[in-house]
Amino acid sequence: MFKNYFKVALRNIVKHSFYSTINLLGLAAGVTCCLFVILYVADELSYDKFHYDAENIYSIGLHGKIAGQEIFTASSCPPLHQAMVDEIPGIEQATRISRRDNMVFKQEEKIFTENRIIFADSNFFQFFSFKLVEGDPVTALKAPNSVVLSEELAQKYFNGDALGKLMTIGNDNETYKVTGIAENTPHNSHFLYNALISTSSDKPQFENGIWLNNSLYTYVRKNPQTTVESVNNKLQEMVAKYTAPQIEQFIGVSFDKFLKQGNIYSYLLYPTLDTHLYSEWNDTIEANSDITYVYIFSAVGLFILVIACINFMNLSTARSSGRAKEVGLRKTLGSYREQMVAQFLAESTIYGMVAITIAVGLTYLLLPQFNLLAGKQLAFASLVSPTFFAGVIGLVLVIGLLAGSYPAFYMTSFSAVEVLKGKVRAGLKSKGVRSGLVVFQFSLSIILIIATTVVYQQIEFLQSRNMGLDKQNVIALRNTRNLKTNQQAFKNTLLDFPEIENASYTNNVFPGINNTTAFRSASDQKDHIMGRYVADFDHSATLKFEIAEGRFFSREFPSDSMAVVVNEAAVRELGWANPLEEELIDYNGNDQVTMKVIGVVKDFNFESYKTKVRPLVIILTNSANNLLIRYSGDPSAAVKNVEELWKKYASGQPFEYVFLDQNFDQLFREEQRLSTLFSIFTGLAIFIACLGLFALAAFTAEQRTKEIGIRKALGATVFNITKLLSREFTILVIIAFVLAIAPSYYLLNNWLDQFAYKVEISALVFVVSGVGALLIAWLTVVFQALKAGMAKPINSLRYE
């Protein structure tokens, strides 16, 4: 029986090869898109699940509120981990890590600057499920000056044979012993590493006992029976016991009074499994993704699959009138309705199986390109995973049921007499359902067109808006501490090159601020949390700050060593009417340094575009670990000259640099990927919808062949015929456009709300998108309409 179903189904597919090809093209394109979405979503949801007992691993974050400013940071203090194990029932293990970047690694003649260097406690490999290829996981990170290299670095420096070898790390050229080789970090971990160094190698950071020094990341494993709420309550007791005395010493008032003033200082558990997609903490060890994008891509994949299935349903329904006699004869000869339903569903399932076979092949071939677009590292193994196979089987069933349901259940619901009298044939010529499906699929396509346009506009807006500084033509040279006493000589010689306009030493390379601390205005006693970094006299000229009031640091004023420059956000935060008459108190350890405000720079975006500019303080320095270099002309020539000079002044030290504008572009890397993928998916959706429209136009012209012949015989022109056949589809697209306006506006408005600076969604976006969809539909339909209109009337009248 099943063999017969599939034999008849294959016979019908071959008989109607034109419509079959269009169906397969549309379904294959839709399913390919859907498979990529399945791979993307499955990968996003897999983060950190490879760890043993992952559901009970939590990180510790700090929630603070001082002077009305809230802080959510993923970091915590050095003594916290051991205190939690000792004093909180249900905490079974704890470990700490800290990330360092731009560390110099040397092994004989091989010298490179490495990022993602993790300082880790000795129980790191017992706590997490990262694997050692060589070495003892218990002792590898126990002794001072121990380093575990990733397989990649072991190959890079020692050609793989690294265990037990010595190398120097850091600007101080300390000698480290390689005590292990670890597998390269799985890409689906919320933090990555190239090397691991024992925390006993940096006792000042990890053993300082300061509860206010939130400079590292703490992880704990709790007992499954222990509730998060009970641990958080215990953490608050620990804050009162250990942190409160240090806060009181720092601010000069009791901790109770500090809290009564509306301030907050508390540690909280956060599930590690939620870190990648749900974290709202600042200063996470790696940039995380957002569950919003998982929802968006899932919806887009579903949209495109639905559009492809609608094509199948439309064409199947349209062509079903031609199979009405077959249904009548089968019923007359004794076929049961269930058998005929199975026949139609088998046919649609075959389409689905063939389309998915094509789609899997396309997915395999296009996977490298998809990885580039999505910023993923998906491998072919992803295509044979249980999740992927479950998705494929699910798609076959969805396509079979969804695409074949209407013709199967509708056609077989009539009696044999009704079918043979033509009732089914007349009913299936009714265009109501098909029109509704066309409207629905074009509504989805127009929503995607509008979304693509708005996402593109938002990214263009962020890239082109006046930031308050000039990020173009600036090189950020790293690790300038390696110049040692030659820093000023290097800078002065660099400025002799004609293409070098200016240069400035600073401890901070935008975007981001590497130090946030409390300041007070000399005129009040309230603490204010502000960003802080140091720079030299030429900083403003190099970055082309816009000065709102006063001036920047100048060599003509020796007193500037005790001065600061602030931004407009700091002036608003402190409530200053005349900022140039004010002084700012900087807490430097236990010392209080009072500094004169000499200038105010206009606000500029030094962090994410999703947040408002926060208060910022700039302090004078003569040297630092980064040199910002403004150049003109050819960037490659500028880099070449800087590198040659570096080799002269810092022989044997790695030359590392970035372009400032590329650094800022990373702020909206996710949005850029979203825009690219939206464009591709939108193009696919329109292509699939137009395939269906093309086939429906061909079918409509075929059904109305005799009518067209009579109209032409009575004097109708090609334009009249084209207008007649195009009018129906034009009306459907206009209805689809009207229905797409409200949901697209609502969804895009919600997406834009995450940005502090955003475009307004104008009516022009909707008009252009609607007109664009209409033009695409016209071009698709007009071809078939012209073909029908230009046919000779004699051929049309002989058609039946």
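Predicted, not measured: the structure shown is a model, and the values here were computed from it.

Rules used in this analysis
Residues numbered from 1 in each chain as written. Predicted model: local features only at pLDDT ≥ 70, side-chain atom pairs only at ≥ 80, totals over all residues. Heavy atoms only, no water. 1 Å grid on protein atoms, 1.4 Å probe; cavity = no way out; pocket = protein on both sides within 12 Å on 5 of 7 lines; lining within 4 Å. Points joined across faces, edges and corners; volume = space filled by probe spheres on them. Helix = DSSP H or I, 4+ residues; strand = E, 2+ residues; numbered from the N terminus. Phe/Tyr/Trp six-rings, centres within 6.5 Å; stacked < 30°, edge-to-face > 60°. Buried < 20%, exposed > 50% of the residue type's maximum accessible area, 1.4 Å probe, protein only. Lys NZ or Arg CZ within 6 Å of the ring centre and 35° of its normal. Core = buried A, V, L, I, M, F, W, Y, C linked by side-chain atoms within 4.5 Å. Contact = heavy atoms within 4.5 Å. Axes fitted to C-alpha atoms, helices over the stretch in contact; angles between N-to-C directions. Parallel < 35°, antiparallel > 145°, perpendicular 65-115°, else oblique. Left-handed = near helix turned anticlockwise from the far one by under 90°. Nonpolar A, V, L, I, M, F, W, Y, C, P; charged D, E, K, R; others polar. Polar contact = N/O pair within 3.5 Å; in protein donor to acceptor, adjacent residues only side chain to side chain. Disulfide = S-S within 2.5 Å. Pairing = 2+ DSSP bridges.

Considering the layout of surface pockets
Taken as a whole, the second largest pocket spans an internal volume of roughly 380 Å³. Forming the walls of the second largest pocket are 17 residues, and the residues nearest its centre are Ile296, Phe678, Leu747, Leu748 and Trp751. Sorting the residues of the lining of the second largest pocket by element identifies helix H10 (291-320), helix H16 (432-464), helix H22 (669-703) and helix H24 (718-752) as the ones contributing at least two each. No other element matches H10, which puts six residues into the lining of the second largest pocket.

What to know about the packing of aromatic side chains
Note on aromatic pairs: each is described by the distance of the centres and the angle between the planes. Applying the stated criterion across every chain yields a total of 39 aromatic pairs. Geometrically, the ring pair formed by Phe36 and Phe370 is stacked, given 4.7 Å between the ring centres and 15° between the ring planes. You can see Phe36 sitting in helix H2 (residues 17-44) and its partner Phe370 sitting in helix H12 (residues 337-374), a full 334 residues away along the chain. In terms of burial, Phe36 and Phe370 fall into one category: buried. Above the face of the Phe119 ring, Arg100 is positioned so that its terminal group lies 4.1 Å from the ring centre. Lys612 extends its terminal NZ or CZ atom over the ring of Tyr757, reaching a point 5.1 Å from the ring centre.

Things to note about the nonpolar core
One finds Phe510, Phe545 and Phe553 to be the most contacted residues of the largest nonpolar core, which totals 112 residues. Counting residues per element, this core draws most heavily on H16, at 15 residues. Leave out the neighbours within four places in its chain, and Phe545 touches Gly468, Leu469, Tyr533, His539, Ser540, Phe552, Val601, Phe604 and Ile618. The next biggest cluster of nonpolar side chains, apart from the first, holds 27 residues, and it includes Ile66, Ala83, Val239 and Ala518.

So, the packing of helix H17 (residues 487-494) against helix H20 (residues 635-649)
For the pair H17 and H20, interaxial distance at closest approach is 11 Å and the crossing angle is 150°. When the interaxial angle is binned, H17 and H20 end up roughly antiparallel. In this structure, H17 crosses over H20, and the sense of that crossing is right-handed. Of the residues in H20, those in contact with Ala489, Phe490, Thr493 and Leu494 of H17 are Val642, Leu645, Trp646 and Tyr649. For the contact of H17 with H20, a count of residues per class yields seven nonpolar, one polar and no charged.

Some thoughts on the environment of Lys648
Here Lys648 shows up in helix H20. As a C-alpha pair, Lys648 and Phe490 span 158 residues in sequence and 9.1 Å in three-dimensional space.

Let's talk about the environment of Thr542
Among the structural elements, Thr542 can be located in helix H18 (residues 539-543). By relative accessible area, which is 0% here, Thr542 ends up buried. Here the alpha-carbon distance between Thr542 and Leu469, two residues 73 residues apart in the chain, equals 9.3 Å. Discounting chain neighbours no more than four positions away, the residues touching Thr542 are Val474, Asn502, Ala503, Ser504, Leu628 and Arg630. A polar contact of 2.7 Å, which involves the side chain of Thr542, links it to the backbone oxygen of Asp538.

Notes on the state of the cysteines
Applying the stated rule across the entire model yields zero disulfides. Cysteine Cys34 is unpaired, with the sulfur of Cys33 as its nearest cysteine sulfur at 6.8 Å.

As for unusual backbone geometry
What you tend to see is this: most non-glycine residues have negative phi, and most peptide bonds are trans. Residues Phe510 and Pro511 are joined by a peptide bond in cis, for which omega reads 0°. Position of Pro511 among the secondary structure elements: in the loop between strand S15 (500-506) and strand S16 (516-521). Positioned with a positive phi, Asn145 is a non-glycine residue whose angle comes to about 55°. Following the sequence through the fold, Asn145 ends up in the loop between strand S7 (132-135) and strand S8 (146-150). Despite not being glycine, Asn159 shows a phi value in the positive range, around 55°. Assignment of secondary structure puts Asn159 in the loop between helix H5 (151-158) and strand S9 (166-169). Look at Asn159 and you get exposed, because its relative accessible area is 56%.

Remarks on the pairing of strand S11 (residues 195-198)
Two faces make up the sheet, and in a regular strand the side chains alternate between them. Where burial is concerned, the two faces of S11 agree: the one with Ala195 and Ile197 and the one with Leu196 and Ser198 are both buried. In the sheet, strand S6 (residues 117-120) pairs with S11 via four bridges, with the strands oriented parallel. Within the sheet, the bridge partner assigned to Ile117 lies in S11 and is Ala195. Note: S8 against S11, three bridges, orientation antiparallel. By the bridge assignment, Val148 is partnered in S11 with Leu196.

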